[in-house]
Every structure is written in structure tokens, then in C-alpha cells.
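# Chains, contacts and geometry: an overview
This is what each chain is made of:
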Amino acid sequence: MMKLGVITTLLLVIFAASCRAQNQVEFTTSPLGTTAFAGNDVLLSCEAQNTGGGDDVDIIWTSSSSGTSAVIDDSSDARFNFATVTTTGAAKSNFSIDSVQVSDTGTYKCYASNDPTRGSSPLSEPTKWAVATASLQIYASVTINQTADRNLTEREDLVLSCQVSNPGSQLEVATVSWTKNGQAVTDDGSKAQPNYDLKVSTASGTDGGIYTCTVTFNVIGTSATVTDSRDITVYSPPKITSKFRKSVKYQEGETVTLKCAAEGYPVPTVKWLKDGEELVNMSARMSYFVDDDGAANIRIKNLEMNDRATYVCSAENSQGTDTLEVLLRVKDRLAALWPFLGILAEVIILVCIIFYFEKRKTDSEPSMDVPLGIAGSSSNRDKGDDREGSGPTFRFPWSRR
């Protein structure tokens, strides 16, 4: 009876060990089959997590070319790069090949396992590893003749071209698409595919940037496609697009914001100068900020009289410089009173002048203090006849000569 118990215990231990030794992982991300031209970079990704057991998940890559399979790692080829992150119960691995070659064509496998009895090579113990497979097809580079980099100096029609030369017997051109700085470009020319030429009518500074033509090829006899691209850089000198008067007037104590926007490629560096000196160390009243559209702004709060100056916006890139200046005039807080005070002063002066001359005129006239009906002096009586002939000799104060 004791022997039977021992045997049963041993069988249970063996059964438990065999269960624990089984690989218990599943793939959450499998590598995808890829086609590419020689010279491009390729990335394959693989992610797995355990579905049982407590051991960490391990990931190993292998390649099969010309019927030969081998484990690959960093030492296999200087162009191979691995980035593997292991967390509790999961692992993720990115395998990249820089500047692929036609000889890199083959089958690539991602092996994952948490079996504690696994060895270092899944090729010798395939049953202890889960596997995800991807094929990599590399084609010889196709000659694409693109327009050389351009410099825009004035508004003109811009025509860029990507011509494909002899894609070979395996490939045929399907489409040619264009982007500028990663965004699709509206073509002013033909919409027919393949659209080898891109036309931009009356191009200006805003049309500067990196243009990319992407050629998509169909793999003859299959549903697979492969793409290649070329970059064309269009440079343009900076041009300030902000519009403001040469002179602006604000009142002392107000807040003013001067905004300056510019176009061009490379994107211009915009800065502000005051009386020829760059505004670098801003004060508590003065700040510098950039809008979402890239415009450079200076804001001056609580304007003071010494803020009156010529401010210059300067935009600069490798193609040149553009400037625009504005005179900021600051009015005194009492400026509105000066015209009134001037008029008041003129009125006061005028009244004083009139009063002065009227008084002077009055003082120059003789006074007549003899009352009416009082006899004159003896000399006047002696000249009675003369008075009768010449009229009365007295004058009323309000009478005129």
C-alpha cells in the first residue's frame, strides 16, 4: 500500500513538471511581410505574452535564405539592430535592417517561449517555442530622376518632376504621389496617373519646403506593391507678410502689441530690434511670444514716454533677410488738454489786450467835472460872444469829439 502511494506521488510530480514545461505564450503582435527596394531600412516587430506559467517570455529571431536557417543577433551583421523590452509575463522585440540588400530576401521568424526547459536555439527545439513568420522581398533599386533642388526668387510657376527609368521585368509603375513637408500637395497640372510632374502655379515663399514624390510599383503577377521616394527641396528667401503703418500712435499707460509674420524656407528666424539693438532681455512690462501661426510678437504694457522708438522686425534664413520698421509714438496722458489750454490762453491774452487799449484810450481823453448850468470863469464870460458863435464849451463824458 505504501509503495502504491509513493508511485502515485511520483506520477503526480512528473505530470506537474511536464505541464509546467509546456510553452504557454501567444502573440499579440506578429511581424508583417514587407517588400522594399535595396538601400531602404526595414523594421519587423514582434510581441508575445504568456498565457500560463510564471517564467519570463523570451524572443529570438531567425532568418531563412536559400534553404538555410540561422539564429540572428547583433553580431550577425552590422546592419542588424535589436530593441527588446521584457516585462512581467510579456516581451516585445523590434528587429531592423539598415540599408537592405537584395540578398536579405527571405523568411524571417519570431520565436517566443516561456518554457523553463527551453534551450538557446529554437531551431533545435521547435516544439518548445511559438513562432510567427514574415517574408521579406527586396528588389534592386529603380532609377528615379528627380528635379534638382530649387531656389524661388520671385513669383513663378514651379514644376517638379520624378521620372522612372527602367523598373525591370518584375515591376510596373502604378502611381506617383506628391507631398510637401509630409502633407498631400494639390497639383495644378495633370491628375492622370502616374503623375510624374508636379506643377504649382505662381509659387511664392509659402511654397518653399521639402517635396517628396512617392512612386508605387506593382509586382507583376502578384498583388504585392513596393514604393520608393525622392526628396526635392525648394528654398525661398524670407518675406515679411505683416502689414502695419510706418508710424503708430498710442497714449501713455496703454498696452501695445506689435506682430510680425514672415514666410520662406527654411522657416525664417524672426526677431525684433529697438533703435538697432535686438530685444533680448525683456522687462516686466515687455514680453515676447510666438503665435500658433509662427508670428513673432512684442507686447509693451503701461507705455512710458521712453518707449518711443523705431522698432524693426527682422526675418532671416539661409537665403537672405527681410526687414520692416515702425515708429512707435507715445502721447502724454494730458495731451488731450493741451489744445484746450492753448485756446484758453489765447482768449485770456486777447481780453487783456482789448482791456489795455480801451483803458489807455479812456485815460487820454480830458475829464469834464463842471456841472451843467454853473457859470464859467471870468475869462469865459469875457468871451461870451465867442461862445455864442462856437457853441457850448462843455462836454458830456459820453460825448465824442
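Residues numbered from 1 in each chain as written. Predicted model: local features only at pLDDT ≥ 70, side-chain atom pairs only at ≥ 80, totals over all residues. Heavy atoms only, no water.

The helix and strand tally for the chain stands at 4 helices and 26 strands. Out of the 401 residues in the chain, the part that is buried amounts to 29%. Looking at the chain alone, contacts between residues at least 24 apart form 64% of all its contacts between residues at least 6 apart. In the structure as shown, the chain presents an accessible area of about 24800 Å², 53% of it carried by carbon and sulfur atoms. (Helix = DSSP H or I, 4+ residues; strand = E, 2+ residues; numbered from the N terminus. Buried < 20%, exposed > 50% of the residue type's maximum accessible area, 1.4 Å probe, protein only. Contact = heavy atoms within 4.5 Å. Areas by Shrake-Rupley, 256 points an atom, 1.4 Å probe, with all protein chains shown as cover.)

Counted by the stated rule, this structure contains 6 aromatic pairs. With a centroid separation of 6.0 Å and 40 degrees between ring planes, the pair formed by Phe-95 and Tyr-108 is classed as tilted. Linking Phe-95 in strand E7 (residues 90-97) with Tyr-108 in strand E8 (residues 106-113), this pair joins segments that are 13 residues apart in sequence. Looking at Phe-95, the relative accessible area reads 1%, which means it is buried. Residue classification places Tyr-108 among the buried positions, given a relative accessible area of 4%. With centroids separated by 6.5 Å and ring planes inclined at 40 degrees, the aromatic side chains of Tyr-235 and Tyr-265 adopt a geometry described as tilted. Of this pair, Tyr-235 sits in strand E17 (residues 225-240) while Tyr-265 sits in strand E20 (residues 262-265), and the two are 30 residues apart along the sequence. (Phe/Tyr/Trp six-rings, centres within 6.5 Å; stacked < 30°, edge-to-face > 60°.)

A cluster of basic residues, Lys-249, Arg-308, Arg-329 and Lys-331, forms a positive patch at the surface. Residue position: Arg-308 is located in the loop between strand E24 (296-300) and strand E25 (309-317). Looking at Arg-308, the relative accessible area reads 47%, which means it is partly exposed. (Patch = residues over 30% accessible without salt bridge, like charges linked within 9 Å, V, L, I, M, F, W, Y side chains within 5 Å. Salt bridge = Lys/Arg side-chain N within 4 Å of Asp/Glu carboxyl O. Lys, Arg positive; Asp, Glu negative; His and termini not counted. Charge placed at Lys NZ, Arg CZ, Asp CG, Glu CD.)

This part takes up the environment of Leu-152. Tracing the backbone through its elements, the reader meets Leu-152 in the loop between strand E11 (150-151) and strand E12 (156-165). With relative accessibility at 4%, the residue Leu-152 sits in the buried group. Here the alpha-carbon distance between Leu-152 and Ser-204, two residues 52 residues apart in the chain, equals 7.3 Å. What Leu-152 contacts, discounting residues up to four positions off in sequence, is Ala-203, Ser-204, Asp-207, Val-234, Tyr-235, Ser-236 and Pro-237.

All right, on to the sheet that holds strand E19 (residues 256-260) then. Within a sheet, neighbouring strands are paired by backbone hydrogen bonds and run either parallel or antiparallel to one another. Across the sheet, which stays open at both edges, the 3 strands sit in the order E19-E24-E23 with antiparallel pairing between neighbours. Every interior strand has two partners, whereas the edge strands, E19 and strand E23 (286-290), have only one. Adjacent strand axes in the sheet meet at a mean angle of 15 degrees when their direction is disregarded. Taken together, the 5 bridges between E23 and E24 define a ladder with antiparallel strand orientation. (Pairing = 2+ DSSP bridges. Axes fitted to C-alpha atoms, helices over the stretch in contact; angles between N-to-C directions.)

On to the sheet that holds strand E9 (residues 130-139). On the basis of which strands lie adjacent, the open sheet formed by 5 strands has the order E2-E9-E8-E4-E5 and mixed pairing. Every interior strand has two partners, whereas the edge strands, strand E2 (34-37) and strand E5 (68-72), have only one. Between one strand axis and the next, the sheet turns by 25 degrees as a mean value, whatever way the strands run. When strand E4 (residues 58-65) meets E5, the two strands line up antiparallel, connected through 5 bridges. What sits directly across from Ser-65, in E5, is Thr-68.

Further remarks concern the side chain of Lys-180. Looking at where Lys-180 falls in the secondary structure, it is placed in strand E13 (residues 171-180). Here Lys-180 is buried and forms no salt bridge, its nearest opposite-charge partner Asp-207 lying at an N-O distance of 4.8 Å. Excluding anything up to four places from it in sequence, Lys-180 contacts Val-185, Thr-206, Asp-207, Gly-208, Gly-209, Ile-210 and Tyr-211.

What follows concerns the confidence of the model for the chain. Do not read the predicted coordinates in detail wherever pLDDT is low. Residues at a pLDDT of 70 or more form 82% of the chain, whose mean pLDDT is 82. The low-confidence segment residues 10-20 (pLDDT under 50) makes 3 contacts with residues lying over four places distant or belonging to another chain. Overall, residues 396-401 carries pLDDT values under 50, and its contacts beyond four positions in sequence, including any with other chains, amount to 4 contacts. (pLDDT = per-residue confidence, 0-100.)

Cis geometry marks the peptide bond from Tyr-265 to Pro-266; its omega dihedral reads 0 degrees. Along the chain, the position of Pro-266 falls in the loop between E20 and strand E21 (269-274). Positive phi is not limited to glycine here, since Ser-99 has a value of about 50 degrees. By secondary structure assignment, the location of Ser-99 is in the loop between E7 and E8. Taking the relative accessible area as the measure of exposure, Ser-99 reaches 38% and is therefore partly exposed. A positive phi angle, close to 50 degrees, is found at Asn-181, a residue other than glycine. Among the secondary structure elements, Asn-181 is positioned in the loop between E13 and strand E14 (183-184). A residue is classified by how much of its surface remains accessible, and Asn-181, at 44% relative accessible area, is partly exposed.

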